[in-house]
Amino acid sequence: MPDEKLEIPSEPDGTFDRRKFFVKVGLGSLSIAAAGTAVFAYQFLSPNVLYEPSPVVNAGKPESYPMDSVTLDVNSGIYLIHAKEGFFSLGAVCTHLGCLTAWKPEQGIIACPCHGSKFKRDGEKVEGPAPKPLPWLRTWLSDDGDLMVDRGTTIRPMEFLRV
Amino acid sequence: MAKTVDQYFEELRDTRVWRSIFRSGTGSSTLKRSLAIQQNVFLHLFSTKVRRRMLCFSATWYLGTLTLGTFLILVITGILLMLYYHPSVPQAYADTKDLQFVVSSGLFLRNLHRWSAHAMVFLVFAHMFKVFYRGAYRPPREFNWVIGIVLLLITLLLSYTGYLLPWDQLAYWAITVGSNIASAVPVVGDKIHFMLLGGNLVNANALLRFYVLHCMILPLAAIFFIAIHFWRIRKDGGLYAHQSEPATLRQAAIAKGAR
């Protein structure tokens, strides 16, 4: 076997030879590819079109809600409340972990079945783990005279809709 | 003279076909028996030699092996359940009920899957406590403890994702609550919630995502880490033998060894 003398270029430290250059190019392109893959994965996993129900709900004629009534629409997850001051609507989804709350007429409170949060009729928190009151939702009267609620837009409390 | 069963088996082990599959060959010397373990793709993960007293029930309570047993039951019953279950909103609940009342042995398989899942969670925790109180997590086994924690998390995630699939009220609200907990992560919580469910609500996308996680991604991850977990037992010096094993047990082991 002939003597294999591996010629290691004895250059002083800090010089930039061809090997180091290619290693840097290789690692650089790999990290760019990895970053691209991460962005690709994030975009792929976030759907661009959702087939979820519209946030705007038609709650029907105001006459169908008697004075001092609290009406829960289970499908859209909102309360429509006819108070003396006027109409308003609350999100019925608990601000704690997203369960659907229920109106308890005998106690006059809104209660969550999951972890026992309680709210007043105007959404104010009474007790329980819920961190925030139930949100007031934008409510208006359509041209046809129907009550409309936008579940995606919250308003300040105590802004009643007079009909 | 009639041959015994052992002799027939010995002849079978000497055939060309057998020798082409199992290379260790005939004979039952210690070397041959070691080779049989070492040269098998599945068995080579394990040690070729185990202390006799480590095979006693009291040494490990067989908790790891029992966990593997429940996992294998879950894989087999799960694959069978997949043949009747459609992960879609109109069909998921009806398919679950069909499995209970219409499909032959469907009730048995579904219940077996459910009870094994409960048993696996229990056994994983029991295994963890046993390892902890025996001190078997200490060096050089500390990395295998970490892999065990990963396997614990995978087990819990498998339970959580499987919980949604019956698509009943219990499942729906449990996943609503559980996925909202993910929203509590600082800064990126809402994004995680959105990506986990594939939307803002527990809906068709969420059902499909949980199905894929439950039936593909998490089981594959579990198998991957289980393989490392077993291989590390060998690499870390075999099952952990406690120095202060109860004296009676040690004597029993010695007596057995002398026989």
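Residues numbered from 1 in each chain as written. Chains lettered and ligands numbered in written order. Predicted model: local features only at pLDDT ≥ 70, side-chain atom pairs only at ≥ 80, totals over all residues.

1. Observations concerning the overall build of chain B
Step number 1: The number of helices and strands found in chain B is 12 helices and 0 strands.
Step number 2: Reading chain B from its N terminus to its C terminus gives the helix and strand order α-α-α-α-α-α-α-α-α-α-α-α.
Step number 3: Against the 2.2 N^0.38 benchmark of 18 Å for 259 residues, chain B shows a C-alpha radius of gyration of 24 Å, more extended than a compact globule.
Step number 4: If you line up chain B on its principal axes, its C-alpha atoms span 70 × 50 × 30 Å.
Step number 5: Here chain B, with 259 residues, has 20% of them falling under the buried criterion.
Step number 6: Considering only intrachain contacts with a sequence separation of at least 6, the fraction spanning at least 24 residues in chain B is 65%. (Helix = DSSP H or I, 4+ residues; strand = E, 2+ residues; numbered from the N terminus. Rg over C-alpha atoms; globule rule 2.2 N^0.38 Å. Buried ≥ 20, exposed ≤ 12 C-beta atoms within 10 Å, placed from the backbone. Contact = placed C-beta atoms within 7 Å.)

2. Regarding the overall build of chain A
Step number 1: Scanning chain A from N- to C-terminus turns up 1 helix and 10 strands.
Step number 2: Walking chain A from its N terminus toward its C terminus, one meets helices and strands in the order α-β-β-β-β-β-β-β-β-β-β.
Step number 3: Here chain A has a C-alpha radius of gyration of 31 Å; the compact-globule value for 163 residues is 15 Å, and the former is much larger.
Step number 4: Dimensions of chain A along its principal axes, counting C-alpha atoms only, are 105 × 40 × 30 Å.
Step number 5: Nonlocal contacts in chain A, meaning residues at least 24 apart in sequence, comprise 38% of its contacts between residues at least 6 apart.

3. Section: the interface of chain B and chain A
Step number 1: Of the residues lining the interface, 13 residues belong to chain B; the matching set on chain A comes to 9 residues.
Step number 2: Elements supplying a minimum of two residues to the side of chain B that touches chain A: α9 (169-182) and α10 (189-197) of chain B.
Step number 3: With 5 residues, α9(B) is the largest single contributor of residues to the side of chain B that touches chain A.
Step number 4: Taken together, the residues that form the side of chain B that touches chain A break down as 6 nonpolar, 7 polar and no charged. (Nonpolar A, V, L, I, M, F, W, Y, C, P; charged D, E, K, R; others polar.)

4. Focus: the sheet that holds strand β3 (residues 78-83) of chain A
Residues and elements named next belong to chain A.
Step number 1: Taken in spatial order, the 6 strands of this open sheet run β1-β10-β9-β4-β3-β2, and their pairing is antiparallel. This sheet does not close on itself; its edge strands, each paired only once, are β1 (56-60) and β2 (69-73). The sheet shows a mean angle of 30° between the axes of neighbouring strands, direction not considered.
Step number 2: As paired strands, β1 and strand β10 (residues 147-155) are joined by 4 bridges and run antiparallel to one another. (Pairing = 2+ DSSP bridges. Axes fitted to C-alpha atoms, helices over the stretch in contact; angles between N-to-C directions.)

5. Considerations on the sheet that holds strand β8 (residues 125-127) of chain A
All names here are of chain A.
Step number 1: Within the open sheet, the 4 strands sit side by side as β5-β6-β7-β8. Their pairing is antiparallel. Both outer strands of the open sheet, β5 (102-104) and β8, are each paired with one neighbouring strand and no more.
Step number 2: Where β5 meets strand β6 (residues 109-111), 3 bridges bridge the pair, whose relative direction is antiparallel. Bridging from a neighbouring strand, A102 pairs with A111 of β6.

6. Side note on the domain arrangement of chain A
Size of an interface: often given as the accessible area lost when the parts come together.
Step number 1: For chain A, the assigned domains are domain 1 (17-48) and domain 2 (56-155).
Step number 2: One C-alpha centre belongs to domain 1 of chain A, the other to domain 2 of chain A, and the line joining them spans 49 Å. (Domains from an automatic or database assignment.)

7. Focus on the nonpolar core
Step number 1: In terms of nonpolar packing, the biggest core is built from 22 residues, with A:I78, A:Y79, A:L80, A:L90 and A:V149 touching the most fellow members.
Step number 2: It is β3(A) that contributes the most residues to this core, 4 residues altogether.
Step number 3: Sequence-distant contacts of A:I78, defined by excluding residues within four places in its chain, comprise A:V57, A:D73, A:S89, A:L90, A:G91, A:A92, A:L137, A:V149 and A:R151.
Step number 4: With 14 residues, the next largest nonpolar core counts B:L165, B:A171, B:I175 and B:L197 among its residues. (Core = buried A, V, L, I, M, F, W, Y, C linked by C-beta atoms within 7 Å.)

8. A look at the environment of B:G162
Residues and elements named next belong to chain B.
Step number 1: Within the secondary structure, G162 sits in helix α8 (residues 142-164).
Step number 2: Judged by the 21 C-beta atoms lying within 10 Å of it, G162 is buried.
Step number 3: Along the sequence, G162 and F101 sit 61 residues apart, while their C-alpha atoms lie 20 Å from each other.
Step number 4: Not counting the four nearest positions on each side in its chain, G162 is found in contact with A117 and H214.

9. Re the environment of B:S104
All names here are of chain B.
Step number 1: With respect to the secondary-structure elements, S104 resides in the loop between α6 (89-101) and α7 (106-134).
Step number 2: What makes S104 exposed here is the crowd of 7 C-beta atoms within 10 Å.
Step number 3: Along the backbone, S104 and L158 are 54 residues apart, and their C-alpha atoms lie at a distance of 26 Å.

10. A closer look at the pairing of β10(A)
Residues and elements named next belong to chain A.
Step number 1: Two elements, strand β9 (residues 136-141) and β10, share 6 bridges in a ladder whose sense is antiparallel. Note that in β10 the partner of L141 across the bridge is L147.
Step number 2: What sits between β9 and β10 in their antiparallel hairpin is a turn of 5 residues, with G145 showing a positive phi close to 85°.

11. Remarks on the environment of A:A92
All names here are of chain A.
Step number 1: Within the secondary structure, A92 is located in the loop between β4 (86-91) and β5.
Step number 2: Distance from A92 to G77, taken between C-alpha atoms, is 5.0 Å for residues 15 residues apart in sequence.
Step number 3: If we skip the residues at most four places from it in the chain, A92 touches L72, G77, I78, Y79, L100 and T101.

12. Concerning unusual backbone geometry
Residue and element names in this part refer to chain B.
Step number 1: In this chain, P139 is followed by P140 through a cis amide linkage whose omega measures 10°.
Step number 2: Relative to the helices and strands, P140 is located in the loop between α7 and α8.
Step number 3: The backbone of Y62 shows a phi angle near 55°, a positive value even though the residue is not glycine.
Step number 4: Here Y62 is to be found in the loop between α4 (57-60) and α5 (63-82).

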